[in-house]
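# Secondary and tertiary structure notes
The residues making up each chain are set out below.
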Amino acid sequence: MTTTLITGANKGIGRETARRLVAAGHTVYVGARDAERGRRAAEELGARFVLLDVTDDATVDAAAKTIEADGGLDVLVNNAGIETRLEGNAVPTAETVTADQMRNTFETNVFGVVRVLHAFLPLLRRSAAPVVVNVSSGLASLTNLSDPGHPAHFYPGIAYPTSKTAVNMLTVQYAKAFPAMRINAVEPGFTKTDLNGNTGIQTVEEGAEIIVRMAQIGPDGPTGGYFDINGPLPW
């Protein structure tokens, strides 16, 4: 039985990913910082709940001990993420973004990934087929955001795409450091969730597809890559 932890899994793409992986036969831990919502989601999905706030060392370490005691971990999906939205669902631009906004975004989107990976690496290294899926974004692509012909070029925000580009770099470096693991970054697409004020054009079912696919790759699958549903993306 494959055991999988998904951070930020009580709603949105994380919840749908949990639903799909439970259906695929995984033992899934719904990681959530809100205990009530997390437990409810886990009960509804047939999953297990674990309290986990990616910005808090104590909950991350406790979650690792809980999952270790239950038998270990095979797949980690780093899904938890935030995007600062202002009045009218606007994003802070180059003119208005503050260091505090950047720091807050990085605390969840970047340092949270490092914090969770650090805590769960010992468990993953004991797995026969360890997999890590880092949920990135199409806005992480320096190539696409630099191209006036690409739609992503016109996104005005600073904090969110910068944080996701950092996630891509983490993916590359961790994949090189742990060649026995399959560690990849994925772009779910512009999905309608609370993160973007429900302005996305995809459903959570569509957004979860690439995450679910990459969570189930075998030892001969790709590693150190950046993918959307159609294949590799340019860095």
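For the structure itself, look to the data block above.
Residues numbered from 1 in each chain as written. Predicted model: local features only at pLDDT ≥ 70, side-chain atom pairs only at ≥ 80, totals over all residues. Heavy atoms only, no water.

### Observations regarding empty space enclosed by the protein
Using the criterion set out here, one finds two cavities of 30 Å³ or more in the structure. Around the largest cavity, the lining residues are E83, T84, V91, P92, T105, Y155, G157, I158, A159 and Y160. Residue classes in the lining of the largest cavity are distributed as six nonpolar, three polar and one charged. The calculated volume of the second largest cavity comes to roughly 30 Å³. T7, V54, N78, N79, A80, T108, G112 and V113 are the residues that line the second largest cavity. Considering only residue class, the lining of the second largest cavity consists of three nonpolar, five polar and no charged. (1 Å grid on protein atoms, 1.4 Å probe; cavity = no way out; pocket = protein on both sides within 12 Å on 5 of 7 lines; lining within 4 Å. Points joined across faces, edges and corners; volume = space filled by probe spheres on them. Nonpolar A, V, L, I, M, F, W, Y, C, P; charged D, E, K, R; others polar.)

### Some points on the packing of aromatic side chains
By the definition in use, this model includes three aromatic pairs. Aromatic pair Y174 and F178: ring centres 6.4 Å apart, planes at 15°, arrangement stacked. (Phe/Tyr/Trp six-rings, centres within 6.5 Å; stacked < 30°, edge-to-face > 60°.)

### Thoughts on helix α3 (residues 57-69)
Over its 13 residues, α3 runs 18 Å from end to end, which matches the ideal 18 Å to within 8%, given 1.5 Å per residue. Residues of α3 that are buried make contact with β1 (3-6), β2 (27-32), β3 (48-51) and α5 (111-126). Among the residues trailing α3, G71 stands out with phi positive, at a value near 130°. (Helix = DSSP H or I, 4+ residues; strand = E, 2+ residues; numbered from the N terminus. Expected span 1.5 Å × (residues − 1). Contact = heavy atoms within 4.5 Å.)

### Comments concerning the side chain of S127
With respect to the secondary-structure elements, S127 resides in the loop between α5 and β5 (131-135). Of the residues examined, S127 reaches a relative accessible area of 11% and is grouped as buried. Of note is the side chain of S127, whose polar atom sits 2.7 Å from the side chain of D74. A distance of 3.1 Å separates a polar atom in the side chain of S127 from the backbone nitrogen of A129. Sequence-distant contacts of S127, that is, excluding residues within four places in its chain, are made with L73 and D74. (Buried < 20%, exposed > 50% of the residue type's maximum accessible area, 1.4 Å probe, protein only. Polar contact = N/O pair within 3.5 Å; in protein donor to acceptor, adjacent residues only side chain to side chain.)

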